Amino acid sequence: MGGEESIREGCSSLQTHISARVLFEPSLSAARGALRERSVDCVVCETPLPDGEGMAVVSEVRTEAADAPVVLFPSEGSERLAVRALRTDGVEYVPSDADDRVERLLDAVERVLTEQAAGRADIRLRSFKRAVEQAGHSIYITDTDGTIRYVNPAFEATTGYSAAEALGARPAILKSGEHDDAFYENLWETILDGDVWQSEIVNERKDGSRYVVNQTIAPIHVDGEIVRFVAVNADITDRRAWRRRLRALHDATREWLELTSPNDISDRARDQLDELLDAELVSVYCTTDDERTLVPAAKVARESFAGFEPSTIDSTEDRRWISFESGDPQHRSGVAHPATSDAVEELLLPVGDYGLIHVATTASFDDTDVGIARVFAANLEAVIDRIENYRALERKNERLDEFAGVVSHDLRNPLSVALGYLDILEERIGDDDDVDEIRRSLTHMDRIIDDVLWLASEGREIGEVSLVSLRQSAEESWALVDTAEATLRVESDLRFEADADRLHQLLENAFANAVTHGGSDVTVTVSALDDEMGFYVADDGAGIPPEKREAVLDPGYTTKEDGTGFGLAIIQRVAEGHGWSLDIGESEAGGARLTVRL
């Protein structure tokens, strides 16, 4: 339809190149009559087509031939018409200002005829186009040579390129320079082979800003041939930035563990938080020994805060002190700051009893910034707690070493001298009840010293483990304990991995505890748990009251004048050293039951 020479040239070329029978009508009204009389495969329209009239022509044509695709080939058109046409099913558009208009007309007609002949494949393509029109992801469709034939509205919103600018161009308009030639060669090799290509890719918008998408490109086949490619782009710029910040947060936590000086931690925390939030001011305050003052420890100031020096915070009315004392992080906006005339946004981040971090900006902090900052402060507090606990443990171990040295030298040496003189005295006077009592007392002291030294010097250290027998270990340990008239019953030969020497130490102390507190005629039972994931030592003595079952594990706790108070503590240390758990309860006979779960 039309009255210009160009469409006659195009129609003639159609007859020649695709062996099509072409009817030429000079006007829309004449064409409507022809469409009523015969079926057609395609309608080409060439007249000046303003925005509204172009789509009106499409409506008129489809009144007579609903299934016929339409190619708009206007002598005068518009960008708006091009976009509306290419977003309408079954409509193609050839720009009026294209240098190769006739060739593009031939391509458009051949394309719609091929799609129409494909039948169901065409339906799938059109259905797909309808589905992606409202999709939130940026989507575009290209020919096999990469020429863009369709973009959805999300593409325009994401890239900044209008549909008219993108149609006829190639995806290279989005190249950022981030990826090398090999990256794109792999892309093309994959999709031309008929496979789906998927990867993260950094693109560039029309305004030059970069964004990251998770891109999937899939071939569209018609009769086994690849005719188009569809690219679906999920914008993951924010997600990637979030991953990067989480990785930085993880790295920050790991770095703190390698630092030992509070000043080093303050300096590093300042730099890390500045990087994570891109803030203009980061000030780190630490408490004094009396915890009544916050003193500046580190700061970084940029832009509006250049030259600002934080001062000591000692007023209980100061909002920063209130946040520190309450332990409540604060996010405030519209705050006045002495360094700038602009109102600022600030984050107040208490770090336990150690101090406070103050972050400020003349811009703003979003929810992600606030979340990152709070996790940062919580992690920093946990790491400092761990460092402080480790230092306290080191100091405790140093004191224990000193104590063990004193016990070993100042107590054991005199004890050895006393035992030596006792031997001499015994040789002189022979058997004597008083001498025997002295020996029992000195022997008891020697056992106390052994227990103290073991708890102080060895503690939870476990040696090489091997397969042990519960029955054999119990019987051997029983023979080494002064059991008087007590009875041992071993009801299981459970086998498990353990340090044999330490297991004997555990059982010896358990038996000694049962005899000491259960009486000289107590019966002690050793057996495996029902699930064979541990064992127990039970007696029929007086038992341990529930309210005392926790206290009895403290080193030195005893209810007997001749008790060392270290037996159950040693049992617990041996269990913990193996990674076992110890539970104190009541036996079936009403006595004590020590349960060790492997």
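All of these numbers come straight from a predicted model, not from anything done at the bench.

**Concerning the packing of aromatic side chains**
Counted under the stated rule, the structure contains nine aromatic pairs. Measuring from ring centre to ring centre gives 5.9 Å for Trp188 and Phe229, while their planes differ by 85°; the resulting arrangement is edge-to-face. Separated by 41 residues along the polypeptide, Trp188 in helix 9 (residues 181–192) and Phe229 in strand 8 (residues 225–235) bring together distant segments of the chain. Taking the relative accessible area as the measure of exposure, Trp188 reaches 28% and is therefore partly exposed. Exposure remark for Phe229: the relative accessible area of 2% places this residue in the buried category. With centroids separated by 5.1 Å and ring planes inclined at 75°, the aromatic side chains of Trp478 and Phe511 adopt a geometry described as edge-to-face.

**Points about helix 12 (residues 319–326)**
The complete set of buried residues in helix 12 reads Arg320, Trp321, Ser323 and Phe324. Take helix 12 and look down its axis: the buried residues cluster within an arc of 160°, on one side only. Buried residues along helix 12 sit against strand 9 (281–287), strand 10 (294–301), strand 11 (330–337), strand 12 (340–351) and strand 13 (355–361). Just beyond helix 12, the residue with positive phi is Gly327, at close to 70°.

**Things to note about empty space enclosed by the protein**
Following the criterion strictly, the structure yields four cavities of 30 Å³ or more and no others. Here the second largest cavity defines a volume of roughly 50 Å³. What lines the second largest cavity is Ala510, Asn513, Ala514, Val524, Val537, Ala538, Asp539, Ala592 and Leu594. Elements supplying a minimum of two residues to the lining of the second largest cavity: helix 16 (500–518), strand 18 (534–539) and strand 20 (592–597). Tallied by class, the residues present in the lining of the second largest cavity amount to seven nonpolar, one polar and one charged.

**A few points about the side chain of Ser527**
Looking at where Ser527 falls in the secondary structure, it is placed in strand 17 (residues 523–528). With near-sequence residues (within four places) excluded, Ser527 lies in contact with Leu470, Glu491, Ser492, Phe535 and Tyr536.

**Regarding the confidence of the model for the protein**
When pLDDT is averaged across the protein, the result is 80; 82% of the residues are at 70 or more. Within the protein, no element has a lower average pLDDT than helix 6 (residues 120–133), which sits at 57, and none a higher one than strand 17, at 95. Across residues 559–564, confidence stays below pLDDT 50; counting only partners more than four residues off in sequence or on other chains, it has 12 contacts.

**Observations concerning the nonpolar core**
If you look at the biggest cluster of nonpolar residues, it comprises 34 residues, and the most contacted ones within it are Phe496, Leu507, Phe511, Phe535 and Trp580. Elements supplying a minimum of two residues to this core: helix 15 (470–479), strand 16 (495–498), helix 16, strand 17, strand 18, helix 17 (567–578) and strand 20. Element by element, the count of residues in this core is highest for helix 16, at seven residues.

**Details of the packing of helix 15 against helix 16**
At a minimum axis separation of 9 Å, helix 15 and helix 16 run at an interaxial angle of 55°. With respect to their mutual orientation, helix 15 and helix 16 come out oblique. Where helix 15 crosses over helix 16, the handedness of that crossing is right-handed. In this structure, helix 15 uses Ser473, Ala474, Glu476, Ser477 and Trp478 to contact helix 16, whose residues at the interface are Leu503, His504, Leu507, Glu508 and Phe511. In terms of residue class, the contact of helix 15 with helix 16 is made up of five nonpolar, three polar and two charged.

**Describing a nonpolar patch on the surface**
A cluster of nonpolar residues, Val417, Tyr421 and Ile424, forms a patch on the protein surface that exposes about 310 Å² of accessible area. Inspection of the secondary structure puts Ile424 in helix 13 (residues 367–429).

**Some thoughts on the environment of Val383**
By secondary structure assignment, the location of Val383 is in helix 13. Note: C-alpha distance between Val383 and Leu257 (126 residues apart in sequence) is 6.7 Å. In this structure Val383 touches Thr253, Trp256 and Leu257, once residues within four positions along its chain are discounted.

**Topic: the sheet that holds strand 2 (residues 70–72)**
With parallel pairing, the three strands of this open sheet are ordered in space as 1-2-3. This sheet does not close on itself; its edge strands, each paired only once, are strand 1 (43–45) and strand 3 (91–93). The sheet shows a mean angle of 20° between the axes of neighbouring strands, direction not considered. When strand 1 meets strand 2, the two strands line up parallel, connected through three bridges. By the bridge assignment, Cys45 is partnered in strand 2 with Leu72.

**Looking at the pairing of strand 19 (residues 581–586)**
Sheet faces and side chains relate simply in a regular strand, where the side chains alternate between the two faces. Alignment of strand 19 against strand 20, held across six bridges, turns out to be antiparallel. When the sheet's bridge partners are listed, Glu586 is paired in strand 20 with Ala592.

**Focus on the pattern of salt bridges**
Enumeration over the complete set of coordinates arrives at 12 salt bridges. Put simply, Asp143 and Arg228 hold a salt bridge, and the shortest N to O gap is 3.3 Å. Placement of Asp143 in the loop between strand 4 (138–142) and strand 5 (148–151) and of Arg228 in strand 8 is noted, with a sequence separation of 85 residues between them. For Asp143, a relative accessible area of 11% puts it in the buried group. The closest approach of N and O atoms between Lys206 and Glu165, which form a salt bridge, is 2.6 Å. Linking Lys206 in the loop between strand 6 (197–204) and strand 7 (210–222) with Glu165 in helix 8 (residues 163–166), this pair joins segments that are 41 residues apart in sequence. Residue classification places Lys206 among the partly exposed positions, given a relative accessible area of 45%. Shared partners join several salt bridges into a network, and the residues in it are Asp143, Arg149 and Arg228.

Cut-offs applied
Residues numbered from 1 in each chain as written. Predicted model: local features only at pLDDT ≥ 70, side-chain atom pairs only at ≥ 80, totals over all residues. Heavy atoms only, no water. Phe/Tyr/Trp six-rings, centres within 6.5 Å; stacked < 30°, edge-to-face > 60°. Helix = DSSP H or I, 4+ residues; strand = E, 2+ residues; numbered from the N terminus. Buried < 20%, exposed > 50% of the residue type's maximum accessible area, 1.4 Å probe, protein only. Arc of directions from axis to C-beta. Contact = heavy atoms within 4.5 Å. 1 Å grid on protein atoms, 1.4 Å probe; cavity = no way out; pocket = protein on both sides within 12 Å on 5 of 7 lines; lining within 4 Å. Points joined across faces, edges and corners; volume = space filled by probe spheres on them. Nonpolar A, V, L, I, M, F, W, Y, C, P; charged D, E, K, R; others polar. pLDDT = per-residue confidence, 0-100. Core = buried A, V, L, I, M, F, W, Y, C linked by side-chain atoms within 4.5 Å. Axes fitted to C-alpha atoms, helices over the stretch in contact; angles between N-to-C directions. Parallel < 35°, antiparallel > 145°, perpendicular 65-115°, else oblique. Left-handed = near helix turned anticlockwise from the far one by under 90°. Patch = residues over 30% accessible without salt bridge, like charges linked within 9 Å, V, L, I, M, F, W, Y side chains within 5 Å. Areas by Shrake-Rupley, 256 points an atom, 1.4 Å probe, with all protein chains shown as cover. Salt bridge = Lys/Arg side-chain N within 4 Å of Asp/Glu carboxyl O. Pairing = 2+ DSSP bridges.

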